[in-house]
Amino acid sequence: MFELRGLGGLLLLALDIWALVSIINSSRRTGSKVLWCLLVVLLPLLGFIIWLVAGPRSAK
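Residues numbered from 1 in each chain as written. Predicted model: local features only at pLDDT ≥ 70, side-chain atom pairs only at ≥ 80, totals over all residues. Heavy atoms only, no water.

### Brief notes about the packing of helix α1 (residues 6-24) against helix α2 (residues 30-42)
A packed helix pair is summarised by two numbers, namely the angle formed by the two axes and the spacing between the axes. It is the contact of α1 with α2, at a shortest axis distance of 9 Å, that shows an interaxial angle of 175 degrees. Between α1 and α2, the crossing angle belongs to the class labelled roughly antiparallel. Counted together, Asp16, Ala19, Leu20, Ile23 and Ile24 of α1 and Lys33, Trp36, Cys37, Val40 and Val41 of α2 form the full contact between these two elements. (Axes fitted to C-alpha atoms, helices over the stretch in contact; angles between N-to-C directions. Helix = DSSP H or I, 4+ residues; strand = E, 2+ residues; numbered from the N terminus. Parallel < 35°, antiparallel > 145°, perpendicular 65-115°, else oblique. Contact = heavy atoms within 4.5 Å.)

### With respect to helix α3 (residues 44-54)
Of the residues making up α3, those classed as buried are Gly47, Phe48 and Trp51. Along α3, the residues classed as buried sweep out an arc of 100 degrees about the axis, all on the same side. Those residues of α3 that are exposed and aimed more than 90 degrees away from the buried face are Val53 and Ala54. Considering only its buried residues, α3 is in contact with α1 and α2. (Buried < 20%, exposed > 50% of the residue type's maximum accessible area, 1.4 Å probe, protein only. Arc of directions from axis to C-beta.)

Next comes the structure, spelled out in structure tokens:
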């Protein structure tokens, strides 16, 4: 089974926190933000990858 330990787990945690901050700061509707946050929290690696490819972009 695939497990993340040590530096890999810490890196994934940092990337997930970055994704959550970006999602919260985006200009999308609240419902969309909640769904993206749930995806990233419940499926950390897969959720981050999906968000990275298809997720909302922050307003600049």
